[in-house]
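# Summary of the model geometry
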Amino acid sequence: MIVTVTANPSLDRAVRLTAPLLHGEVQRAGDSREDAGGKGVNVARALTSAGVETVAVLPAAADDPYLALVERTGVDVRRIDVAGRVRANLTIADPDGTTTKINLPGAQLGTDEKAALIDGIVAAARGAHWVVLAGSLPPGAGDGFYTEVVEAVRAGSADSAPRIAVDTSGAALAHVVAHARPDLIKPNEDELAELVGEQPAPAADVLDAAVRQARELVADRVGAVLVTLGADGALLVTADEVLRAAAPRITVASTVGAGDSSLAGFLIAADGGGDPAACLRSAVVYGAAAASLPGTQIPTPADVPDWDIAVTALTPR
């Protein structure tokens, strides 16, 4: 069983334009859609559709309209009661696949609400194989929230502590890597560079830079690093090996949720007993499938083509 945690869920509204976005102008949209979003919920949607037993923990008021959307996905939700409303995020997609995102910060999380959320995560995590901590943190949670969750989950699980996967960025990622040693992190190339205190590498050097930066982290600070590289595929770096998977050629509809789907693909393969190469291949397949779909539409197995994804072992330079 896999538990996902979405501390800052979002109602994702996606608008598809029929012409490029023009700043300051009035434009008509081609169509729009609404999805129950937030990185942990996106991961849970993909896992659930693939038949993986999944529980999604999130804070929301009992009458929040967000819950009706998430219930339609079939995800098993453990709701932690809070006073604030789930935020709404807006994605605007140009015809060429370029996306513009406007993300709200989320409602303030009170001290008692934060404690209740951590307690709910610990309860759900007992007996789980993985706990996925994903997405931004709401105001009031603090940069160390994920570290607090990891410590509480490990303390509450005795000898059967689940593995911890983290998909976040900025100060929240830096804190959990520095203090809690997660088993897996899933940054993109820019998030990884920020984590190790560097500027994003030029396009021609991204692959080499990502390999070097990820190797700085394993195995002292993290167990493994799954680096998503967009059209350049993905890397899986552990203490023992560096694997690269190429990306298939696709027509991009929306990149929103692609990284979440990559993490879900990795976990789907891991849940099925796949080796590191199989997990990386599944991550790339699911990420590419998500990028081919509009809005925050998370791929089901039926949406995932039978791509032949090459995985190569790299020799670090």
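Now for a quick tour of the structure.

Conventions we followed
Residues numbered from 1 in each chain as written. Predicted model: local features only at pLDDT ≥ 70, side-chain atom pairs only at ≥ 80, totals over all residues. Heavy atoms only, no water. Helix = DSSP H or I, 4+ residues; strand = E, 2+ residues; numbered from the N terminus. Rg over C-alpha atoms; globule rule 2.2 N^0.38 Å. Buried < 20%, exposed > 50% of the residue type's maximum accessible area, 1.4 Å probe, protein only. Areas by Shrake-Rupley, 256 points an atom, 1.4 Å probe, with all protein chains shown as cover. Pairing = 2+ DSSP bridges. Axes fitted to C-alpha atoms, helices over the stretch in contact; angles between N-to-C directions. Left-handed = near helix turned anticlockwise from the far one by under 90°. Contact = heavy atoms within 4.5 Å. Nonpolar A, V, L, I, M, F, W, Y, C, P; charged D, E, K, R; others polar. Expected span 1.5 Å × (residues − 1). Core = buried A, V, L, I, M, F, W, Y, C linked by side-chain atoms within 4.5 Å. Arc of directions from axis to C-beta.

Secondary structure summary: the chain contains 9 helices and 14 strands in total. Whereas a compact globule of 317 residues would reach a radius of gyration of roughly 20 Å, the chain reaches 19 Å, a difference of no more than 12%. Principal-axis analysis of the C-alpha atoms gives the chain an extent of 55 × 55 × 35 Å. Residues counted as buried form 50% of the 317 residues belonging to the chain. When the accessible surface of the chain is summed, it comes to about 13900 Å², and 49% of that surface belongs to carbon and sulfur atoms.

Here the focus is the sheet that holds strand 7 (residues 99–102). In space, the 4 strands of this open sheet follow the order 3-2-6-7, with mixed pairing throughout. The sheet is open, and its two borders are formed by strand 3 (29–37) and strand 7, each paired with just one other strand. The mean inter-strand angle of the sheet, taken between neighbouring strand axes irrespective of direction, is 20 degrees.

Okay, the packing of helix 8 (residues 258–271) against helix 9 (residues 276–291) next. The geometry of helix 8 relative to helix 9 is characterised by a closest axis approach of 7 Å and an angle of 145 degrees between their N-to-C directions. Here helix 8 and helix 9 pass one another in a crossing that is right-handed. Between helix 8, through Ala258, Ser261, Ser262, Gly265, Phe266, Ile268, Ala269 and Ala270, and helix 9, the contact on the second element is made entirely by Ala278, Cys279, Leu280, Ser282, Ala283, Tyr286, Gly287, Ala290 and Ala291. Its residues assigned to classes, the contact of helix 8 with helix 9 comprises 12 nonpolar, 5 polar and no charged.

Quick look at helix 7 (residues 206–217) now. Taking 1.5 Å of rise per residue, 12 residues should cover 16 Å, and helix 7 covers 17 Å from first to last C-alpha, within 8% of that figure. Listing the buried residues of helix 7 in full gives Val206, Ala209, Ala210, Val211, Gln213, Ala214 and Leu217. Looking at the buried positions of helix 7, the neighbouring elements they touch are helix 5 (170–180), strand 10 (184–185), helix 6 (189–195), strand 11 (224–228), strand 12 (234–238) and strand 13 (242–245).

Time to look at the nonpolar core. Counting residues in hydrophobic clusters, the biggest one holds 49 residues, and the most contacted among them are Val3, Leu133, Phe145, Ile185 and Leu217. Contact partners of Phe145, with chain neighbours within four places excluded, come to Ala7, Lys114, Leu117, Ile118, Ile121 and Leu137. If you look at the next biggest cluster of nonpolar residues, it comprises 32 residues, including Ala46, Ala269, Val285 and Tyr286.

Another aspect to go through is the pairing of strand 6 (residues 87–93). Among the 7 residues that make up strand 6, 5 are buried, leaving the element largely enclosed by the rest of the structure. The pairing of strand 2 (residues 10–17) with strand 6 spans 7 bridges and is parallel. When the bridges of strand 6 are listed, Asp12 appears paired with Asn89. The pairing of strand 6 with strand 7 spans 4 bridges and is classified as antiparallel. In the strand pairing of strand 7, Ala93 is matched with Thr99. Connecting the antiparallel pair strand 6 and strand 7 is a turn made up of 5 residues, with Gly97 showing a positive phi of about 95 degrees.

So, on to helix 5. Turning to helix 5, its buried residues number three or more, namely Ala172, Leu173, Val176, Val177 and Ala180. For helix 5, the angular spread of buried residues about the axis comes to 125 degrees, placing them on one side. Opposite the buried face of helix 5, at more than 90 degrees from it, the exposed residues are Ala178 and His179. The positive-phi residue at the C-terminal boundary of helix 5 is Arg181, with phi of around 40 degrees.

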